[in-house]
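One letter stands for each residue in the lines below.
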Amino acid sequence: MPKIKTNRGAAKRFKVTGTGKILGFKAYGSHILTKKTRKRKRGLRGSSVLDESNARNIRQIIPYL
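Before going into details, it helps to say that this report is about the structure given with it.

Rules and cut-offs
- Residues numbered from 1 in each chain as written.
- Predicted model: local features only at pLDDT ≥ 70, side-chain atom pairs only at ≥ 80, totals over all residues.
- Heavy atoms only, no water.
- Pairing = 2+ DSSP bridges.
- Helix = DSSP H or I, 4+ residues; strand = E, 2+ residues; numbered from the N terminus.
- Core = buried A, V, L, I, M, F, W, Y, C linked by side-chain atoms within 4.5 Å.
- Buried < 20%, exposed > 50% of the residue type's maximum accessible area, 1.4 Å probe, protein only.
- Contact = heavy atoms within 4.5 Å.

Our focus in this paragraph is the sheet that holds strand β2 (residues 22-25). Here 3 strands make up an open sheet; going across it, the order is β1-β2-β3 and the pairing antiparallel. Of all the strands in the sheet, the pair left with one neighbour each is β1 (15-16) and β3 (47-49). Examined bridge by bridge, β2 and β3 share 3 bridges and lie antiparallel to one another. Across the sheet, residue leucine 23 finds its bridge partner in β3, namely valine 49.

So, in structure tokens, the structure goes:
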């Protein structure tokens, strides 16, 4: 059986923690920031752990990370 190719776009956007959880960045934090409150923009900074339903899909496209 050949190896599965890693989706390079996903590999650059997601990270796997030591315990196997998937870290990703939050949505809506890149543009149209003028109408968003300071508190909301602060909450969009940094990365967060993906919920299991999304993490399952990400694990399929980045199998070796």
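This part takes up the nonpolar core. Among the nonpolar cores identified, the biggest contains 7 residues, and these are Ala10, Ala11, Ile22, Leu50, Ala55, Ile58 and Ile62. Breaking this core down by element, the ones donating at least two residues are α1 (8-13) and α3 (52-61). Leave out the neighbours within four places in its chain, and isoleucine 22 touches Phe14, Lys15, Val16, Ser48, Val49, Leu50, Ala55, Ile58 and Arg59.

Trans peptide bonds make up most of the peptide bonds, and negative phi angles are found at most residues other than glycine. Phi is positive for tyrosine 28, close to 70 degrees, though the residue is something other than glycine. Along the chain, tyrosine 28 turns up in the loop between β2 and α2 (38-44). Located in the positive-phi region is isoleucine 32, a residue other than glycine, with phi close to 55 degrees. Within the element layout of this structure, isoleucine 32 appears in the loop between β2 and α2. Residue classification places isoleucine 32 among the partly exposed positions, given a relative accessible area of 47%.

Time to look at the pairing of β2. Where a strand is regular, its side chains alternate between the two sheet faces. Because side chains alternate across β2, one face comprises the buried residues Ile22 and Gly24, and the other comprises Leu23 and Phe25, none of which is buried. Examined bridge by bridge, β1 and β2 share 2 bridges and lie antiparallel to one another. Of the residues in β2, the one forming a bridge with lysine 15 is leucine 23. Counted along the chain from β1 to the antiparallel partner β2, the turn is 5 residues long, and its residue glycine 20 has a positive phi close to 95 degrees.

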